[in-house]
Amino acid sequence: MCGIIGYIGFRNAKEVGIDCLKRLEYRGYDSAGISVIDKIQQVYKEVGEIKELEKKLPDIKGNISINHTRWATTGGVTKENAHPHLSTNKKIAIVHNGIIENFRKLKEQLIAKGYKFTSQTDSEVLAHLIEDNYKGDLEKAVFNALKQVEGYYAIVVTSSDEPDKIVGARKDSPLVIGVGDNENFLASDIPAFLKYTNRVIYLNDGELCSLTDKDVKVFDSNNNVVERNEDIIKWDFKDAEKSGFPHFMLKEIFDQKDTVAYVLRGRISEIDRKIEFHEKVENLLKSELDFINIVACGTSYYAGLVGKYLIEKLTGISVVVDLASEYRYFGPKKENSFVILITQSGETLDTLAALKEAKASGCKTLVITNVIGSSATRLSDSYVLTQSGPEIGVAATKTFTAQVITLFLIGLKIAFNQNKIGFDEVSKNILELKELPKIVRDALEKSPTILEIAKQIKHAKSVFFIGRGINYPLALEGALKLKEISYIHAEGFAAGELKHGPFALLTETTPVVAIATKDSTYDKILANIGEVKARGPTVLAIADDADTEIEKHADLVLRYTSHSELLSCIPIIVILQLLAYHVANLNGCSIDKPRNLAKSVTVE
Amino acid sequence: MKCVILAAGEGKRVHPLTYTRPKVMLPIANKPILEWNLKNAIDAGFKEFIFVVAYKSEMVRNYFGNGDKWGIKIGYINQGQALGTAHAIGMVEKFVNDFIVLSGDTIFGKQEIKAIAKNKNCIGIIKAENLKDYGTVEIKDKNILKIHEKMENPVTNIINAGIYHFDKKIFDYIRKTKKSIRGEYEITDSINMMLNDISLVSILLKEWKDIVYPWHLLDANEEILKKIVKKIKGNIEKNTTIKGNVVIGKNTTIRAGAYIEGPVIIGENSKIGPNCYIRPYTSIGNNCHVGNACEVKNSIIMDGTNVPHQNYVGDSILGQYCNLGAGTKVANLRLDKKNITILLNGEKVDTKRRKLGIIMGDNVQTGINSMMNVGTCVGNNVFLGPGVVLSGEIQPFSKFL
Amino acid sequence: MKAVILAAGEGKRLRPFTETMPKVMLPVANKPVLEHVLDALKNSGITEIILVVGYKKEVIMDYFKDYKEIKITYVVQDKQLGTAHALSKAENHINSSFIVIPGDNIIDRKSIAKLIQDTSEYCILIKEHPQPSKYGVVFIKDGKLKEIVEKPSEEIGRFISTGIYKLPKTIFKDIENFRLQGIYDLSSVIQNLIKQEKIINTILADSWMDIVYPWDLIHVNENMIRDVKSTIGGIIEKGVITKGDVLIGKETKIHSGCYIIGPVVIGEGCEIGPNACIFPSTTIGNNSIINPFTEIRNSVVMDDVHIGSNSFITHSIIARGTILRNHFSNIPGENTLEIEGEYKKVKNIGVMIGEDCTIESQVVAEPGIIIGRKCKIAPLKRLNKNIPSESKVM
């Protein structure tokens, strides 16, 4: 997916365009481009991050620009494939976020008509298609062109024949209008233009808009003008600084000593011995619940898996965790069932689609997200914010722990509502939750020790993570973190499953990280460690600091402190995050913007 | 010639009222400060305006729109961040040639604006008493020598009134202006630079109302109400007493037993009475309700607020959409009759007033028989339970149970 | 004019509180000392701050990332090799005369303004002090500095050096020259400049405090808390009495029956009471819980602290994350404490507890006891000796 910006107004369009574009860089950063109209379309594009483009840009005058930062989906990373794309007559420029599914057929037809293509992308089709439909009115041309398109898109278009107008359209990709004074903006994401204006108009799916420097018109899917109200955005998305940390991700891992407390604010009272959410959420949690579905992608999916163990342990209710990309097509959507969707950004496409399907089937929906005002919060019945502040590093860290704690709170509340636990249990758990900042600080202090261990495994070809029960999803997440930022192949397994296949992969160069908490399956995991060691790999155990057995079994040990059986997952994941970080750092990987990944995935 | 009005300021010293609105939208006699300036400028002959907005700009835009209501044109420029007066004025460069600019949160009279418009390259000045709060101006034979910063020992007794007449040349000096000690780009610094090359004439003003603290709104409210003329558009029942200059908006009902002593202004769609007492220098907004056995005196009550049963509100300012529970009362006089000191933004300020009630923000709900002591500042969205006794400064969104 | 703040030091004498943060970040009245310094500088005519950091610099940089009142540039002193060496790190950012301030000195705005306005090339702020021998005693002649005697053995003189100077850009050359002669601290550099016939003007500072030993925090807290903005946020139940200047942060809940006499500062997200008494001059940080029937007076309680019911805490410091279970009490009084090899007599001091300790029920602490970080203390213990970090008292 990509980031797109359109600007028309009294300021210098190149400066404003690039300034806004930088705030969308987390969406994609393999190439960037801009086209400013100054009599003709002046297009500049470069491979690499936005700053590479910025270095090569001359002083361009002009008050209308479209801008793009790319995460390649169709067509490799080349200068020709970067956006904006021009039509054959070079008058129409477009930027696009999404995938045109029938682009090959359209391309053939256009080539047959004599249009000349310069890239391998699907997006370029749109430029020529709009030129083909152009009869003097850009909105009509875009409208007619899009009727022939299958797929999903957010596009911004300008024509040098109408240099006082910008046209935007969206279908299943985000596009927001920023309403200014004597200027207007289009962007994939609100924070892009928040510095200039806090007034937004949300474009709905299938809609089109036309912006001049003084005016905003919105058209529905039948090309009729619709009235649309502005929303005022209250939040202030300050670009987090890295402070003294070399990477955002490291800072966010360290932020967890505070975020584990923030996520509790306003929700628990130690003295009143209660847990209470916003009214809508409370009503949902009080309703009849015999089956809970958790739906999410990526790291949030693993948070869901941890949540499953916690909620099942506390409430005895059956919890099924589904990947959003699967659930939206194949998931069981029983009417009146309770579906919890987890999405850090609130914009993850698969999760939003799942949310829409769940609602359409009559499910009760609750969203756990970090971004207030995001699409997910607007679509669901209720939502709980993780209150963790912006997460800039692409690999999710503090939002994972916040999501797990939120699921824990939900589990506690449901258990209390259903009389499965009383005030004493609630009280005990609240005290344990309140100790989390201290426990996270303890885990963070282990960073130098973790660095030493990272040195020993940084040359591995593959790393395996194993755990049982609640530690199994932690193993999955630990592997994902390592994979994401160090590019070393890593996989998580339920410890009991290793012998059913994966054993074949174990050699001296495949260290195994075993999460060995002192719970009911401790002996089993020791046995697993024994089996693994017999085949050669180094075993790194993550164990409780009171555990004196473990040294006899594992080669390396990383210890965590925990006073709570259910919440030991928090310090364990902090240790695994630091492990991934240090390995990646030692191997010189680009930690905050790992190759090929983007933060909030809005393609399917 | 265009009239530029600076309307971007938050007005931290007018907390809690400015937590939810920009300073220029504070109402005096039922019109925002900015509207008084607009009207006076229109009367002085201006037809084209530019408002430089930022903090809660949507409130300014929603109220004033494009100026159709007054038959004139209003354009807006979003300053974005509060980086000072020079930065604000610099933003309008593309849109003006010869222009006047004034601070939207100070009320300038019609004659004053006319005088400034007539003279190219001039600055409005005014004699003042509390000189330490302002930058003073040195003049010689009506020409400006220098504008000084706020000082402990002011050099003259004339201050910068905050209204200027410039032409395009000012923008060159604005571009050269550096950040002041306060971290802002100040127009006074630009002017002092310009004075090396171009002379500026001083125009002494007479009518000038500066709002620094919330109670100044009460002072300005009183002054403006002194000039109103009786005009009754609402429905007045029998057995009501209305004395003096009272303005009552349309669709407002005054029920039997209401006793209104002007000068008082009441907006539209409000319900007053039965059996209530409204005393001089009171402004009540639209959609308000002042009910049975209530007394309101020398106060500003904003739109949508209810003073419905057995309440006393004196020398106070109530924000929008507040609801006072039955029996809620305000104290406005110390028992020892000394000057009232208020806690504003955590600091003690001597209001120099013997009588001051409360300053209440928007959306406050008070329980039955709650009581608020002199000089209480209540933030917006505060909730007071029954019987609560309140004093001091209360932050927004707090609850007193 | 720019100011250089020396904030690289560890503050060994402030252990255990400085084990996790540099001394400039210790909180008084719920703000780090350094923030109080920056606030005082911002409206005094200082336009930019060069912050020399070192020991645990991330704590400083993370905290001040949102500080918008004044521009901050960070310079790192990798090894703590003396105050002159720290100052030399700022050389590239200084173009003219500047102010240098040790970051753990709390100084008032007027004194800084006086220093800026003074026209002499070299100038130092001095202060009258009842116990000058604790510091460098300063000898003056005709308003000019004659000599600084560091920690004299006898009681002589009335004035001390605050360590706050206005210096010309040429000082960096002098620092470099003296460094080659083995002189690393700023006051010795100044001393040597006096020998070279340089004139150092002196200005009397209005109010000045520094933090050297743990108990200084209590005294400085008492002073700074008087300036605190007293507004009330959060949820206040019925039957809560507050008198005097009380600051209660948002989302804090004060339960019924609490009696709070200002000046008191309570942070955000706390729960107090019911029936707890908080007396002057107490500061409570964020997310802390004070259980019923507890009395706290003249103490500094930091974030995430949990104080059990029926406790009595006076003239004490309780650091972040510590849990005191019910019926904890300490006795205030006099004691002689050993800090880094020096013996200090302290009057009217309570207990000083480091971070993340867990102290079980019914423990009593004698005057002046210092407890390290992460200690665990069993119930019914009487603490009459200092306890090093990470110990267990069974």
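Residues numbered from 1 in each chain as written. Chains lettered and ligands numbered in written order. Predicted model: local features only at pLDDT ≥ 70, side-chain atom pairs only at ≥ 80, totals over all residues. Heavy atoms only, no water.

Scanning chain A from N- to C-terminus turns up 18 helices and 27 strands. Rg of the C-alpha trace for chain A: 26 Å, near the compact-globule value of 25 Å for 604 residues, within the 12% margin. The principal-axis extents of the C-alpha atoms in chain A amount to approximately 80 × 50 × 45 Å. Counting every position in chain A, which comprises 604 residues, the buried fraction comes to 63%. Considering only contacts within chain A whose residues lie at least 6 apart along the sequence, 71% involve residues at least 24 apart. (Helix = DSSP H or I, 4+ residues; strand = E, 2+ residues; numbered from the N terminus. Rg over C-alpha atoms; globule rule 2.2 N^0.38 Å. Buried < 20%, exposed > 50% of the residue type's maximum accessible area, 1.4 Å probe, protein only. Contact = heavy atoms within 4.5 Å.)

Glancing now at the sheet that holds strand β22 (residues 282-284) of chain C. All names here are of chain C. The parallel open sheet is built from seven strands, whose spatial order is β16-β19-β22-β25-β28-β33-β36. One side of each edge strand has no neighbouring strand; the edge strands of this open sheet are β16 (246-248) and β36 (370-371). In this structure, β22 lies alongside strand β25 (residues 300-301), joined through two bridges in parallel fashion. Bridge assignment links I284 to a residue of β25, and that residue is V301. (Pairing = 2+ DSSP bridges.)

Let's shift gears to the interface of chain C and chain A. Each partner contributes residues to the interface: chain C has 32 residues there, and chain A has 21 residues. Taken over both partners, the interface formed by chain C and chain A buries close to 2100 Å², and the fraction arising from carbon and sulfur atoms is 44%. A per-residue breakdown of the area chain C buries against chain A is headed by D62, K65 and E271 of chain C, which together make up 21% of the total. Taken together, the connections running from chain C to chain A amount to eight salt bridges. Among the ionic pairs, R441 of chain A bridges to E355 of chain C, the shortest N-O distance being 3.3 Å. Our count for the chain C to chain A interface comes out at 14 residue pairs in polar contact (both at pLDDT 80 or more). (Buried area = accessible area lost by both parts, 1.4 Å probe. Salt bridge = Lys/Arg side-chain N within 4 Å of Asp/Glu carboxyl O. Polar contact = N/O pair within 3.5 Å; in protein donor to acceptor, adjacent residues only side chain to side chain.)

Attention shifts here to the packing of helix α4 (residues 124-133) of chain A against helix α5 (residues 138-147) of chain A. Residue and element names in this part refer to chain A. One can describe the packing of α4 onto α5 by two numbers: an axis separation of 8 Å at closest approach and a directional angle of 120°. The orientation of α4 relative to α5 falls into the category oblique. Judged by the twist between their axes, the crossing of α4 over α5 is right-handed. Listed contacts from α5 to L126, L129, I130 and N133 of α4 are L138, A141, V142, N144, A145 and L146. Its residues assigned to classes, the contact of α4 with α5 comprises eight nonpolar, two polar and no charged. (Axes fitted to C-alpha atoms, helices over the stretch in contact; angles between N-to-C directions. Parallel < 35°, antiparallel > 145°, perpendicular 65-115°, else oblique. Left-handed = near helix turned anticlockwise from the far one by under 90°. Nonpolar A, V, L, I, M, F, W, Y, C, P; charged D, E, K, R; others polar.)

Where the parts come together, the accessible area they lose is often given as the size of the interface. Taken together, the contact pairs eleven residues of chain A with ten residues of chain B. Carbon and sulfur atoms supply 46% of the area buried between chain A and chain B, which totals about 930 Å² over both sides. Ranking the residues of chain A by area buried against chain B places F10, D181 and N182 of chain A at the top, with a combined share of 51%. Inspection of the chain A/chain B interface yields one salt bridge.

Attention shifts here to helix α7 (residues 214-225) of chain B. Compared with the 16 Å implied by 1.5 Å per residue over twelve residues, the 17 Å span of α7 of chain B between its first and last C-alpha is a close match. Looking at α7 of chain B, one finds that the buried residues are P214, W215, L217, L218, A220, N221, I224 and L225 of chain B. (Expected span 1.5 Å × (residues − 1).)

Our next topic: helix α8 (residues 298-315) of chain A. Residues and elements named next belong to chain A. Along its 18 residues, α8 runs 25 Å from first to last C-alpha, staying within 8% of the 26 Å computed at 1.5 Å per residue. By the criterion of burial, α8 is predominantly enclosed, with 13 of the 18 residues buried. G316, located one to two residues past α8, shows a positive phi value of around 75°.

On to the environment of K42 of chain C, then. All names here are of chain C. Considering the arrangement of structural elements, one finds K42 in helix α1 (residues 33-42). Under the relative-accessibility criterion, K42 is labelled buried at 18%. Along the primary structure K42 and R109 are separated by 67 residues, whereas in three dimensions their C-alpha atoms are 8.4 Å apart.

Moving on, we come to the packing of helix α1 (residues 33-43) of chain B against helix α2 (residues 57-64) of chain B. All names here are of chain B. Following both chains from N to C, one finds α1 and α2 inclined at 45°, their axes separated by 11 Å at the closest point. Classified by the angle their axes make, α1 and α2 are oblique. Once α1 is placed against α2, the crossing between them reads as right-handed. Across the interface between the two elements, L34, E35 and L38 of α1 pack against V60, Y63 and F64 of α2. Taken together, the residues that form the contact of α1 with α2 break down as five nonpolar, no polar and one charged.

The next thing to look at is unusual backbone geometry. For residues besides glycine, phi is generally negative; the peptide bonds are generally trans as well. Along the chain, G273 of chain B connects to P274 of chain B via a cis peptide bond; the corresponding omega equals 0°. Here P274 of chain B lies in the loop between β21 (271-272) and β22 (277-278). Cis geometry is found at the peptide bond from G273 of chain C to P274 of chain C, where omega equals 5°. The topology assignment puts P274 of chain C in the loop between β20 (271-272) and β21 (277-279). Although it is not a glycine, N336 of chain A adopts a positive phi angle of roughly 70°. Here N336 of chain A is to be found in the loop between α9 (324-330) and β20 (338-342). You will see that A29 of chain B, though not glycine, has its phi angle at about 50°, which is positive. Structurally, A29 of chain B is set in the loop between β2 (27-28) and β3 (31-32).

Turning next to the nonpolar core. Within the largest apolar cluster, 95 residues are counted, with the highest numbers of intra-cluster contacts made by I292, I294, F338, I340, L433, F465 and I542 of chain A. Residue contributions to this core peak at 13 residues, all from helix α18 (residues 569-586) of chain A. Residues lining this core come from more than one domain, with at least three contributed by each of domain 2 (250-440) and domain 3 (446-586) of chain A. Non-local contacts of F465 of chain A, meaning those with residues more than four positions away in its chain, are made with A475, G478, A479, L482, A490, E491, G492, F493, V513 and L576 of chain A. The next biggest cluster of nonpolar side chains, apart from the first, holds 70 residues, and it includes I248 of chain B together with V240, V363 and I377 of chain C. (Core = buried A, V, L, I, M, F, W, Y, C linked by side-chain atoms within 4.5 Å. Domains from an automatic or database assignment.)

For the rest of this paragraph, the subject is the environment of V305 of chain C. Assignment of secondary structure puts V305 of chain C in the loop between β25 and β26 (306-307). Sequence separation between V305 of chain C and G285 of chain C is 20 residues; the distance between their C-alpha atoms is 7.9 Å.

Residue and element names in this part refer to chain A. Read from one edge to the other, the open sheet built from seven strands follows the order β5-β6-β7-β8-β12-β13-β14, with strand pairing classed as antiparallel. The sheet is open, and its two edges are formed by β5 (85-86) and β14 (225-226), each paired on a single side. In this fold α4 packs onto β5, β6 (92-100) and β7 (151-159), with an angle of close to 130° to the strand it touches most, β6.

Further remarks concern the packing of aromatic side chains. Per the counting criterion, the structure on display carries 20 aromatic pairs over all chains. For the pair F51 of chain B and Y76 of chain B, a centre-to-centre distance of 5.8 Å together with 85° between the ring planes defines the contact as edge-to-face. A residue pair is termed long-range when its members are at least 10 positions apart, and F51 of chain B in strand β4 (residues 48-53) and Y76 of chain B in strand β5 (residues 73-78) qualify at 25 residues. Residue classification places F51 of chain B among the buried positions, given a relative accessible area of 0%. According to the relative accessible area criterion, Y76 of chain B is buried, its value standing at 8%. Each member of the aromatic cluster is reached from another via a ring pair, and the members are F51, Y63, F64, W70 and Y76 of chain B. Directly above the ring of Y202 of chain A sits R378 of chain A, whose terminal nitrogen or CZ lies 3.8 Å from the centroid. (Phe/Tyr/Trp six-rings, centres within 6.5 Å; stacked < 30°, edge-to-face > 60°. Lys NZ or Arg CZ within 6 Å of the ring centre and 35° of its normal.)

Another aspect to go through is the domain arrangement of chain B. All names here are of chain B. For chain B, the assigned domains are domain 1 (2-211) and domain 2 (222-400). When each unit is reduced to the centre of its C-alpha atoms, the spacing between domain 1 and domain 2 is 31 Å. Across the domain 1 to domain 2 interface the summed buried area is about 1600 Å²; carbon plus sulfur atoms make up 63%. Looking only at domain 1, the three residues that lose the most surface to domain 2 are P16, L17 and N30, adding up to 32% of its buried area. Viewed at the interface, domain 2 and domain 1 are joined by two salt bridges. For the salt bridge of D362 with R21, the shortest nitrogen-to-oxygen distance reads 2.9 Å. For the interface between domain 1 and domain 2, the tally reads six residue pairs in polar contact (both at pLDDT 80 or more). Per-class residue counts for the side of domain 1 that touches domain 2 are eight nonpolar, three polar and five charged.

All right, on to the pairing of strand β8 (residues 122-127) of chain B then. Residue and element names in this part refer to chain B. The element β8 is extensively covered by neighbouring structure, given that five of its six residues are classed as buried. Of the pairings in the sheet, the one linking β8 to strand β11 (residues 158-166) comprises five bridges and is antiparallel in character. By the bridge assignment, K127 is partnered in β11 with I158. Bridge count for β8 against strand β12 (residues 201-204) is four bridges, and the pairing is parallel.

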